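Observations on the three-dimensional arrangement
Each chain, letter by letter, is given below.
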Amino acid sequence: MATLQKIRSKGPLLLIVIGLAMLAFILGDAWKIIRPTQGIQFVGNIAGEDITAMEFQKELEIYTDVVKFANQISDVTEEMQNSLKDEVWSTMVRNRILDKEAKALGLVVTDQEVKDAIERGEDDMLASTPFNGADGKFDPDFLKKVIAFYLELDPQTVSPEEYEYYHSLYNYWLFVEQNMKSSLLYNKYVSLVRAAMVSNPVAAKNSFDNRIMRTDVLMASLPYSAIPDADANITASDIKNVYNEHKNALYNYAENRDIVYIDYEITPSDADRKSQLEEMNEVVGQLESEMDDYASFVRRSGSDIAYSEVARSAKNLPVDVAERLDSVKVGGVFGPFYDGIEDTYNAFKLLSVVKGYDSIQFSVMQVVADDAEAISARADSIENAVKKGADFAEIAAKYGQTSVAQWLAADAYEPATITGDNAIYLNKLNSMKKGEVAVLNLSDATIVIKVFDVKNPVDKYNTVIVKRPVQFSETTSNDAYNKLSAFLSVNTTVDDLKANAENSDFHLLYYPGFQSYSHNVAGVAKSTEALRWTFGAQEGEVSRIYEVGGANDHLLVVGVEKINPRGTISIEDATATLSLTALNNKKFEMLKGQLAGKSFDQLKSVEGIQIDTIRSVNFNNDAFVSSIYANEATVGSSVFNLEQNELTLPMKGSNCVFVAEKITPDSYTAEFDENSENLRVRTITSSRIMSGLLEELYYQAKVVDDRYKIF
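What you see is a predicted model, and the numbers here were worked out from it, not measured in a lab.

For the protein chain, the helix and strand inventory stands at 22 helices and 20 strands. Whereas a compact globule of 711 residues would reach a radius of gyration of roughly 27 Å, the protein chain reaches 34 Å, over 25% beyond that. With the C-alpha coordinates aligned to their principal axes, the bounding extent of the protein chain is approximately 100 × 70 × 60 Å. When each of the 711 residues of the protein chain is scored for burial, the buried share is 43%. Here the contacts in the protein chain between residues at least 6 apart in sequence split such that 73% fall between residues at least 24 apart. Accessible surface computed for the protein chain: about 37,500 Å², of which carbon and sulfur atoms make up 49%.

Okay, the pairing of strand 2 (residues 49-52) next. Two strands pair when backbone bridges link them, and strand 1 (residues 42-46) and strand 2 are joined in this way by four bridges, in the antiparallel orientation. Counterpart to Phe 42 in the pairing with strand 2 is Thr 52.

In the predicted model, the protein chain carries a mean pLDDT of 87, and 94% of its residues have values of at least 70. Below pLDDT 50 for its whole length, residues 1-38 participates in 100 contacts with residues either more than four positions away or in separate chains.

Mapped onto the elements of the fold, Lys 709 is located in the segment after strand 20 (704-705). Between the alpha carbons of Lys 709 and Val 458 there is a distance of 55 Å; along the sequence they are 251 residues apart.

Applying the stated criterion across every chain, the model contains 26 aromatic pairs. Ring centres of Tyr 251 and Tyr 699 lie 5.0 Å apart, and the angle between their planes is 70 degrees; on these two criteria the pair is classed as edge-to-face. In this pair, Tyr 251 is assigned in strand 4 (residues 251-252) and Tyr 699 in helix 22 (residues 674-701), connecting sequence segments 448 residues apart. Residue Tyr 699 is classed as partly exposed on the basis of its relative accessible area, which comes to 35%. Among the aromatic side chains, those forming a connected cluster through ring pairs are Phe 69, Phe 149, Tyr 165, Tyr 166 and Tyr 172. Positioned over the ring face of Phe 337 is Arg 324, at 4.0 Å from the centre of the ring.

With that settled, consider the sheet that holds strand 2. Taken together, the three strands give an open sheet; going across it, the order is 2-1-20, and neighbouring strands pair in antiparallel fashion. Among the strands making up the open sheet, the edge pair consists of strand 2 and strand 20. Packed onto the sheet, helix 3 (residues 78-105) meets strand 1, strand 2 and strand 20 and runs at close to 35 degrees relative to strand 1.

Moving on to the environment of Asp 263. Mapped onto the fold, Asp 263 is located in strand 5 (residues 256-265). Ignoring anything within four residues of it in the chain, the contact list for Asp 263 reads Val 524, His 554, Leu 555 and Leu 556. In terms of polar contacts, Asp 263 uses its side chain to reach the side chain of His 554, at 2.6 Å.

A complete count under the given rule lists 33 salt bridges for this structure. Ionic pairing is found between Lys 587 and Asp 229, a salt bridge with its closest N-O pair at 2.6 Å. On the criterion of sequence distance, the pair formed by Lys 587 in helix 19 (residues 571-591) and Asp 229 in helix 8 (residues 229-232) is long-range, its members being 358 residues apart. With relative accessibility at 4%, the residue Lys 587 sits in the buried group. A salt bridge links Glu 529 to Arg 544; the shortest N-O distance between them is 2.8 Å. In this pair, Glu 529 sits in helix 18 (residues 528-534) while Arg 544 sits in the loop between helix 18 and strand 12 (546-548), placing the two residues 15 residues apart along the sequence. On the accessibility criterion, Arg 544 (46% relative accessible area) is partly exposed.

This part covers the pairing of strand 9 (residues 437-441). With five bridges connecting them, strand 9 and strand 10 (residues 446-469) associate as antiparallel partners. Across the sheet, Val 437 pairs through a bridge with Lys 450, a residue of strand 10. In textbook terms, the turn of a hairpin is the stretch between consecutive antiparallel strands, and for strand 9 and strand 10 this stretch comprises four residues.

Attention now moves to the nonpolar core. Core analysis: the biggest nonpolar cluster contains 56 residues, and Val 43, Phe 56, Trp 89, Phe 131, Tyr 172 and Trp 173 have the highest contact counts within it. The biggest single contributor to this core is helix 6 (residues 160-195), with 13 residues. Residues contacting Val 43, with those up to four places away along its chain left out, are Ile 51, Thr 52, Ala 53, Phe 56, Trp 89, Val 704, Asp 705, Asp 706, Arg 707, Ile 710 and Phe 711. Counting 18 residues, the second largest nonpolar core, distinct from the first, contains Ile 360, Ala 410, Tyr 413 and Ala 438.

Let's shift gears to the sheet that holds strand 5. Taken in spatial order, the four strands line up as 11-5-13-12 in an open sheet, and their pairing is antiparallel. Sheet topology places strand 11 (508-514) and strand 12 at the edges, where each strand pairs with a single neighbour. Sheet twist, expressed as the average angle between the axes of neighbouring strands with direction ignored, equals 35 degrees. Taken together, the 10 bridges between strand 5 and strand 13 (residues 554-564) define a ladder with antiparallel strand orientation.

Cut-offs applied
Residues numbered from 1 in each chain as written. Predicted model: local features only at pLDDT ≥ 70, side-chain atom pairs only at ≥ 80, totals over all residues. Heavy atoms only, no water. Helix = DSSP H or I, 4+ residues; strand = E, 2+ residues; numbered from the N terminus. Rg over C-alpha atoms; globule rule 2.2 N^0.38 Å. Buried < 20%, exposed > 50% of the residue type's maximum accessible area, 1.4 Å probe, protein only. Contact = heavy atoms within 4.5 Å. Areas by Shrake-Rupley, 256 points an atom, 1.4 Å probe, with all protein chains shown as cover. Pairing = 2+ DSSP bridges. pLDDT = per-residue confidence, 0-100. Phe/Tyr/Trp six-rings, centres within 6.5 Å; stacked < 30°, edge-to-face > 60°. Lys NZ or Arg CZ within 6 Å of the ring centre and 35° of its normal. Axes fitted to C-alpha atoms, helices over the stretch in contact; angles between N-to-C directions. Polar contact = N/O pair within 3.5 Å; in protein donor to acceptor, adjacent residues only side chain to side chain. Salt bridge = Lys/Arg side-chain N within 4 Å of Asp/Glu carboxyl O. Core = buried A, V, L, I, M, F, W, Y, C linked by side-chain atoms within 4.5 Å.

What follows is the structure, encoded as structure tokens:
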């Protein structure tokens, strides 16, 4: 029990950072057999290896269990689940690519290396575990005690909840331990790449100079916007030149699609609002009567806010309720009233106003004995001893518990719906005074509480709130569906949608480069089925109407305009992306003659010229040019090797053509150390090479992501 208390006293854990290190790991019965889906068996392929649906599901469920335990939550939202799916897939891709490379190079991580890393406690994955000592750092001895405690734990001697906690904790650790292998393997691979990097005195000195040398720069520029786009007259040859220059970066790693879509939101009609206001009037009539079970009443009323048995501060009540508290007496009902921000009809009943605290410092211990009579006697004994001055923590330790005074802020619990023992517990805390000790009998435990300190006594309100969103009726939904259906009956192709949607009051949206890993279409909730259709359709096809959205409040229609295959993007498809670069290239050629061969005095007379003094320009950093409100990366490098007051040739920037000169060279105070600078050069170079290497390995792995077909 003491071990359990020590772990639980640390509170909810932070979401662990897996990074590169998540490998597949089977935790007993942690995974469930995936349901067969239309005979599809694979969710993708990595470096020629098919990934089965069961493999992916297994790893997804393991990781989901770990995240739930690490955050002390019982479930995850749809958004979180989609994020976990992406993390699992990305990690599977990285790990399989890395494993293949490591095997070819003969790199391995032994069990002893993992044990040694655990003993050192230096791995990043260990920082977020609950196995920390008093100094907040990972404690391998404490870990061993926890694991030993679990392995000797008899499920018959503890509650099912306690045993499940330890079981989850043990599986959590196995996951961390196994994933450390991947982390160590990656570090070995990086070390191997880094060891292949060499530096030299010249490179080290250049790196040092580039970093510390700075200068004020006088810069004269003409923005590209000085020439109208129509006057630049881009040709096919201009586009081709830019395409050839950037061709290596123009690559689709997976097939994507250019789509058009109609996302039609269904909203309540005036008749719907009138009908629901009448229903709220009936709710108010019922709320005015006395009743024993407000929680059930609120559930039946369709309220978005459940009834909490703990009184709340005004700041933790809905704003529209809090600002009306002064308008009702205890026992009174306010409403119905409309809140335009949330689009809700509302009413509330004020049951009572009590005193409570913004924050309470307290300790608690559970009283355990052979029977109820013995528990009661021991609880009274503990209470009397503490009242007479006995140390609360020492008494807790005597009974094998760790009891540390902790602060509890009202903001941490008041927004939640609290009932049962939790409500009794919190209400008791709020009713106690500083220094008071009390015994509290709960349904499954007897506890002794001591309040050490309190902050800011405030009024708290026990309220019954009915907050009902205004919803559309089935009639309204059918009308919207029929309207869209009638439009689609005569507009069956993408070209039809583009030609006629706006004239029919349907807003047609465009999404180029739509990817299958998006989980839904254009961020519309619950549109996975429409996504599957999108990647099974042909160019020009238009989908049926999908009823989607968090509350089935959207009608979605998708049209596939173009399928963009995996591989290098064609010049035709890249033209739109490259046009701006080609346009600026042409404008540079048209403008540079106005700056060439002129002194700054002569440049002042050039129409549209902008002259800036830019402070502390450095070779390695972009310079912010205030006259065009933009960064220019080439300013520092263009003046770096000039003599003072020497002028550059006209330079091509991202936003302008410019000339510049160095006017007050200077340097940061620093001492050159060849060894440390060599190390810095190797580290930076190896990081850049690693980034490019991993990208190349991904390219060669020809990853296919078909998760959308199943998940």
